[in-house]
Amino acid sequence: MTSPGSSPADAPSIPHERPEILGQLERRFGDELGAGFRVQATVDGVPTVWVPAGDAERVLHHLKLEVERPYPMLFDLTAIDERLRGHRRDQPASDFTVVYQLLSFDRNEDLRVKVALAGDAPSLPSVTSLWSCADWYEREAFDMFGVRFEGHPHLQRILMPPTWKGHPLRKDHPARATEMEPFRQSEARQEAEQEALRFRPEDWGMKRGDDDHDFLFLNLGPQHPGTHGVLRLALQLDGEEIVDVVPDIGYHHRGAEKMAERQSWHTFIPYTDRVDYLGGVTNNLPYLLAVERLAGIEVPPRARMIRVMLVELFRLASHLVWFGTFVQDVGMLSPVFYMFVDRERIFDIVEAVCGARMHPGWFRIGGVAQDLPRGWDDLVGDFLDYLPRRLDDYERMILPNRIFRDRTVGIGAYTREEAIDWGVTGPGLRACGFGWDFRKERPYSGYDELDFDVPIAEGGDCYARAEVRLEEMRQSLRIVRQCVDGMPSGETKADHPLATPPRKPRTMEDIETLIHHFLSVSWGPVIPPGESAATIEATKGANGYYLVSDGETRPYRARIRTPSFPHMQMVPWISRGHLVPDLLAVLGSIDFVLADIDR
Amino acid sequence: MTETARALWSLGGIVLAVLSLAAGLIWVERRLLAVWQERYGPNRVGPLGLGQVLADTVKLLFKEDWIPPFADRPVFVLAPTIVMITVLTSFAVVPVAPGIGVVDLNVGVLFVLAMSSLGAYSVVLAGWSSNSKYSLLGGLRAASQMISYEVFMGLALMGVVVLAGSFDLRRIVEAQRDGWFCGPQLLGLVAFLVAGLAETHRLPFDLPEAESELVAGFHSEYSGMKFGMFFVGEYLGVILISALTTTLFFGGWLGPWLPPVVWLLLKTFVLIAFFVLCRATLPRPRFDQLTGYAWKWLLPLTLVNLAVTGAIRLALEGP
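Residues numbered from 1 in each chain as written. Chains lettered and ligands numbered in written order. Predicted model: local features only at pLDDT ≥ 70, side-chain atom pairs only at ≥ 80, totals over all residues. Heavy atoms only, no water.

1. Side note on the pairing of strand S8 (residues 216-220) of chain A
All names here are of chain A.
Item 1. Along S8, four of the five residues are buried, which leaves the element largely enclosed by surrounding structure.
Item 2. For S8 and strand S9 (residues 232-238), the ladder comprises five bridges, and the chain directions are antiparallel. Across the sheet, residue Leu218 finds its bridge partner in S9, namely Leu235. (Buried < 20%, exposed > 50% of the residue type's maximum accessible area, 1.4 Å probe, protein only. Helix = DSSP H or I, 4+ residues; strand = E, 2+ residues; numbered from the N terminus. Pairing = 2+ DSSP bridges.)

As structure tokens, then:
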């Protein structure tokens, strides 16, 4: 057993000596901001600084543009309702805290900038002029916490319905239907709700017509065969040419972050599966890496490799669905069936290991639920022999096709700088020729012991994204092969008091163990207070969990940073000037899942 | 049997045969697609799933005949009938076998082309009268598609006409006794097949429908049997184009051993299967790309084909 506080081997290799940036910031802003500038220690070792609300924009500007080896990406922006939090050692007083998480590729380091806000109507300046992707993140923080970002161009609700009362992630907002008035939808209320959803071009600064002709405003979705889920895009069309797009999201919002605050650390695991519902257990991993770091649990090697193997199998399954539906969106009907057949074989393996198919919820705090079943290696081995030939077929069938190329080359293209500005991660970023992969850059769960390449492509268009994902599938097969060949023996769950479910054998022998077992199963483990974040290379890009523990049986705050959210935000930017069919190609190529956007 | 009686028998027989073939195509297409897509297709209703045809027909017939309140009523009702009428009328000039056929027009090829042009109104009017944005976009695409393929569709056939020396489809078949025109008119054949795909709005040229983009395009607002008429009209179009291609390029009913009707049906079926195969294989170009292909590649190619065919014919046989 590892003692809490030691550096678990499972954690990403972030250096634990004092990061250089803290000194740099202190020299630059320390005197000027005085007591307003503060450094906070965190369990995950991510350098964290507090700055006053009025100076946040200046500090962020410095970090993005002036500091040497800068932080070009706004990885996440969220808020915390601090009003009920007990453990806040070396943090300034705050009712609401806005958290900016920045990413520096040069340093391979994150930086958290926190801003303390007081009162019931907190506000601070917007950073939308610094980062394009701040737009939706600020709207989300406003929607969920009621934090106003002054200077934001469209500070409106984004996930909740426009008629919603209150801000759901505030601690005083009810979390359960039973704590609220019974829901009734009268005829009049239905009318009002529908009217509230009507798209008014003027609200978005759009003109209804040009000098000599009118624009066509088209609602694409929320129910539409090309949007892969309940996504609504309001299109401003000139003929079939797209003048502008306004995505309307939130139809798939299920309040996953709020649910985390009402679930035990253990029982929240299955909820994560449903966030990127094509990624299955991939979603468990960043959550558990963050929990395990808070708890100081070291996961045994066999469990780590089982996790990696399942995650890579799910990456394959997700990429297959993506590939099939993408080419279907450009009119090629057959490949999706071939790929669903392949995916079914992956689910056969997943089912044999976990008992469930799409959402196994198989990982546990400290390991996985059970050991692999007898004969698993033959099952996986057969699949590893089967899929490569099929992938070669798909490559020959789809990529050289003249019509397919005409539909995808040069469509929805963005540069590396634009991608970073919009918060794009994963294959979308690698399709711009930038080989950033969290599995390589910050190896977690034993990826550093595995041999694989990070495929990249040039052009940043729909075609390049297809190339990258196809090659990624081959690399995933390589990783799975190494897992089959090199699966270590040993435990599949850490021998740690906070690992769940707790170990059973000695419970019937002494009463103390029985009591602990009973509490740990019924209430769940008490995770030590602190803050920790973990990011992994999920199927669609960087998936990160930022957890705040207040020393209870449940998270105080669980922030889920999903890749689809910023990717969807970028769609209008890359679709303007193209035609309606191109928009569908773009949507297909960026690979999003609505639950991953809305959570 | 008098001439009139025979014509009436032919008419009734051909209409019945063509309509049941079109209905049967529902099953054929779904089963063929399934074979090519690693699935089963309809195999539950009746032997081999053949009952599916009946089940689908009954379902369509018994659905509520609903007209959206915002639609332009008369045109909305009229639009689906146009496609049925034009395609069925076109079958009148298709020679089935020696002695079987509704009418032998000396301008048969032109008649078919004229009917095909009229048929395009069906889709455009449906898109317009539905008064829905998706339908409108579908109708607009149908119009843009029409000006793309119509130009070279007729030209693609002129090589055949030059070789046969007639617009009469029966004489064109007779002219292929010494060799089918698919060889010397290969370019014409390819261009005509492309035009045929576009004419019938089948993938890869199902742009006015384009499920992943326009939901159901021009027939988004249609349901019940009015939708059924578009549905059957599409299959009728497939049969018509296949039968015409057989007649014009593959010797029509000509062939050894088997009765002429069987030959025509066999050849037509192979072409229908080719249509289904196209749907199973190809992605969909954008409508501006289709127009581009049509005007930049196929139109010049068919013109060259016509000029060369004419020149060779002149050189061989004199003016």
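2. Quick word on the domain arrangement of chain A
Accessible area lost on assembly of the parts is the figure often given for the size of an interface.
Residue and element names in this part refer to chain A.
Item 1. The domain architecture assigned to chain A consists of domain 1 (20-150) and domain 2 (257-574).
Item 2. Contact residues are listed per partner, giving 39 residues for domain 1 and 34 residues for domain 2.
Item 3. Roughly 3,000 Å² of surface becomes buried between domain 1 and domain 2 when both sides are summed, with 56% attributable to carbon and sulfur atoms.
Item 4. Run the count over domain 1 and domain 2 and you get six salt bridges. (Domains from an automatic or database assignment. Contact = heavy atoms within 4.5 Å. Buried area = accessible area lost by both parts, 1.4 Å probe. Salt bridge = Lys/Arg side-chain N within 4 Å of Asp/Glu carboxyl O.)

3. Quick word on the packing of helix H9 (residues 224-249) of chain B against helix H10 (residues 260-281) of chain B
Residues and elements named next belong to chain B.
Item 1. Contact pair H9 / H10: the axes reach a minimum separation of 8 Å and the direction vectors enclose 125°. By the angle between their axes, H9 is oblique relative to H10. You can see that H9 and H10 cross each other, and the crossing is right-handed. Where H9 abuts H10, its residues Val238, Ile239, Ile241, Ser242, Ala243, Thr245, Thr246 and Thr247 lie against Leu264, Lys267, Thr268, Leu271, Ile272 and Phe275.
Item 2. Broken down by class, the residue content of the contact of H9 with H10 amounts to eight nonpolar, five polar and one charged. (Axes fitted to C-alpha atoms, helices over the stretch in contact; angles between N-to-C directions. Parallel < 35°, antiparallel > 145°, perpendicular 65-115°, else oblique. Left-handed = near helix turned anticlockwise from the far one by under 90°. Nonpolar A, V, L, I, M, F, W, Y, C, P; charged D, E, K, R; others polar.)

4. Some points on the interface of chain A and chain B
Item 1. On the side of chain B, 26 residues touch chain A, which itself brings 35 residues to the contact.
Item 2. Here chain A meets chain B over a buried area of about 2,600 Å², counting both sides, of which 58% is carbon and sulfur.
Item 3. The interface formed by chain A and chain B holds three salt bridges in total.
Item 4. Here Arg390 of chain A ties to Glu38 of chain B by a salt bridge, and the two come within 2.8 Å at their closest N and O atoms.
Item 5. Our count for the contact surface shared by chain A and chain B stands at twelve residue pairs in polar contact (both at pLDDT 80 or more).
Item 6. Those elements that place two or more of their residues in the side of chain A that touches chain B are S8, helix H8 (301-329), helix H9 (335-354), helix H11 (402-408) and helix H18 (580-590) of chain A.
Item 7. Its residues assigned to classes, the side of chain A that touches chain B comprises 19 nonpolar, nine polar and seven charged. (Polar contact = N/O pair within 3.5 Å; in protein donor to acceptor, adjacent residues only side chain to side chain.)

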